[in-house]
Amino acid sequence: MLEPYRMIGDHHALAQCGLFVAEGRLVVERLLEAGRFRVHSVLVTPAAERALAGALARRPEVAVHVCAPEALRDVTGFDFHRGCVALAYRPDDASGGVELASTRRLLAIESVRDPDNVGGLFRTALAFGVDALVLDAATADPLYRKAVRTSMAATLRLPFLRAAEWLPTLASLRAGGVRIIALTPHPDAVPLASVTGRHGERIAIAVGSEGDGLRPETLACADLRVRIPVDPRADSLNVVSAAAIALYQLTSQFTSAGS
């Protein structure tokens, strides 16, 4: 039963088995409480088992393996300081259960390959009331161990869609009444502060990699290209920081009070 835990350091091997890792007491607790993913099992030290007693009691169907810290380290190959790691099953459906027709606030992510940035984007999206995220094929796996940890389990709480056909997906969103707002440092883009919209309008904010940004084809698909003015001495903002600023500014404008 513990054999899959020996693959924790091999993301691709674990993914081929249909599994992903959640580590740390807070993340594992949120995995158990969210109920979005079927949990394979939890591996904990006695201290972590006591700390998670309430969450584990509410999920009696989940197998729990208790071992000494040294045994946990020997099995996984990692020193989990909080003494807690879990394995859960990846969703069979690539859509992740996302119903694009009913979403009002979306974050679209293109070619963000750093799992820490992907985790940060999910954490930011959760903080600002995003309903779901759409990812292109090049973006890092939100269920990669580092992404889950950096997101503080936001990748386990927010639904996301992996779009195999990126541009057609954006075009479909536009056809369905979603306004695509693309973030770009291009000087011809509209300053963020001047963007206006009507309450209740459905929006998708698109962000790209820090190096190249959004592709020209993606920018061409957008209804509006928006920039965040920065000091000329700065090259650009980190993609997570830029997304946070844009989400804070735009979600308050484009959604109705109390939503």
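On a predicted model such as this, the values are computed, not experimentally measured, just so you know. In this numbering scheme, every chain counts its residues from 1 along its sequence in written order. Two thresholds apply to this predicted model, a pLDDT of at least 70 for residue-level local features and 80 or more for giving and counting side-chain atom pairs, whereas whole-chain, interface and lining totals are computed over all residues. In computing side-chain values, all of the structure's heavy atoms are included and hydrogens and water are not.

**Quick notes on the pairing of strand β10 (residues 203-207)**
Type-normalised accessible area, obtained with a 1.4 Å probe on protein chains alone, sets the label of each residue: buried when under 20%, exposed when over 50%, and partly exposed for intermediate values. Secondary structure follows DSSP: runs of H or I at least 4 residues long count as helices, runs of E at least 2 residues long count as strands, and numbering of each begins at the N terminus. Judged by how many residues are buried, β10 sits mostly within the fold: 5 of 5 residues are covered. With burial as the criterion, each face of β10 is covered, one bearing I203, I205 and V207 and the other bearing A204 and A206. Pairing between two strands requires that DSSP report at least two bridges joining them. Sheet topology note: the strand β8 (residues 179-183)/β10 ladder contains 4 bridges and is parallel. Residue pairing across strands places I181 opposite I205, the latter belonging to β10.

**Thoughts on the pattern of salt bridges**
Any two side chains of opposite charge can pair, on the condition that their charged atoms come close. Every case where a carboxyl oxygen of Asp or Glu lies within 4 Å of a side-chain nitrogen of Lys or Arg is listed as a salt bridge. As enumerated under the stated definition, the model contains 11 salt bridges in all. For R215, the salt bridge identified is with E110, shortest N-O distance 3.7 Å. Residue R215 is found in the loop between β10 and α9 (216-221), and its partner E110 is found in the loop between β5 (105-109) and α6 (115-127); the two are separated by 105 residues along the sequence. Between D116 and K146 there is a salt bridge, and its shortest N-O distance comes to 3.4 Å. Linking D116 in helix α6 with K146 in helix α7 (residues 145-150), this pair joins segments that are 30 residues apart in sequence. Judged by its relative accessible area of 27%, K146 is partly exposed. Each member of the salt-bridge network shares a partner with another, and the members are E23, R145 and R149.

**Some details on the layout of surface pockets**
Buried and open spaces are told apart on a 1 Å grid over the protein atoms alone, a cavity being a set of points where a 1.4 Å probe fits but cannot get out and a pocket being an open set with protein on both sides within 12 Å along at least five of seven lines. Residues with an atom within 4 Å of a point are the lining residues. Grid points are joined across faces, edges and corners, and a volume is the space filled by probe spheres set on the points. Approximately 420 Å³ is the volume attributed to the largest pocket. Listed by contribution, the elements that provide at least two residues to the lining of the largest pocket are β11 (224-227) and α10 (239-254). Polarity classes work like this: nonpolar for Ala, Val, Leu, Ile, Met, Phe, Trp, Tyr, Cys and Pro, charged for Asp, Glu, Lys and Arg, and polar for all others, with Gly in that last group. The residue inventory of the lining of the largest pocket, partitioned by class, reads 12 nonpolar, 7 polar and 4 charged.

**Side note on the sheet that holds strand β2 (residues 39-44)**
With mixed pairing, the 4 strands of this open sheet are ordered in space as β1-β4-β2-β3. Of all strands in the sheet, those with a lone pairing partner are β1 (19-23) and β3 (63-66), marking the two edges. Neighbour-to-neighbour, the strand axes of this sheet turn through a mean angle of 20°, independent of strand direction. With 5 bridges joining them, β2 and strand β4 (residues 84-89) adopt antiparallel strand pairing. Looking at the pairing, V42 lines up with A86 of β4. The axes are straight lines fitted to the C-alpha atoms, using for helices just the contacting stretch, and the angles between their N-to-C directions are given from 0 to 180°.

**A few points about the packing of aromatic side chains**
Each Phe, Tyr or Trp ring (for Trp, its six-membered ring) is paired with any other whose centre lies within 6.5 Å, and the angle between the two planes then decides the class: stacked below 30 degrees, edge-to-face above 60, tilted in between. A complete count under the given rule lists 4 aromatic pairs for this structure. Measuring from ring centre to ring centre gives 5.9 Å for F78 and F80, while their planes differ by 40°; the resulting arrangement is tilted. Between F122 and F160 the ring centres are 5.7 Å apart and the planes differ by 90°, which places this aromatic pair in the edge-to-face class. Remark: F160 occurs in strand β7 (residues 160-162) and F122 occurs in helix α6; sequence separation between them is 38 residues. Comparing F122 with F160, the two get one shared label, buried.

**Comments concerning the side chain of E23**
As for its position among the elements, E23 is in strand β1. Under this definition, polar contacts are N or O atom pairs within 3.5 Å; protein pairs additionally need one hydrogen-donor-capable and one acceptor-capable atom, and for neighbouring residues in sequence, both atoms have to be side-chain atoms. Separated by 2.8 Å, the side chains of E23 and R145 make a polar contact. Side-chain polar atoms of E23 contact the side chain of R149, separated by 3.2 Å. Contacts: residue pairs with any heavy atoms within 4.5 Å of one another. Excluding anything up to four places from it in sequence, E23 contacts V28, F80, C84, V85, R145 and R149.

**A look at the sheet that holds strand β9 (residues 190-191)**
Each strand in a sheet pairs with its neighbour through backbone hydrogen bonds, running either in the same direction (parallel) or in the opposite one (antiparallel). Read across the open sheet, the 7 strands follow the order β7-β6-β5-β10-β8-β11-β9; overall the sheet is parallel. Each end of this open sheet is capped by a strand with a single partner; those strands are β7 and β9. Across the face of the sheet, helix α8 (residues 166-175) comes into contact with β5, β6 (132-135), β7 and β8 while running at roughly 160° to β5.

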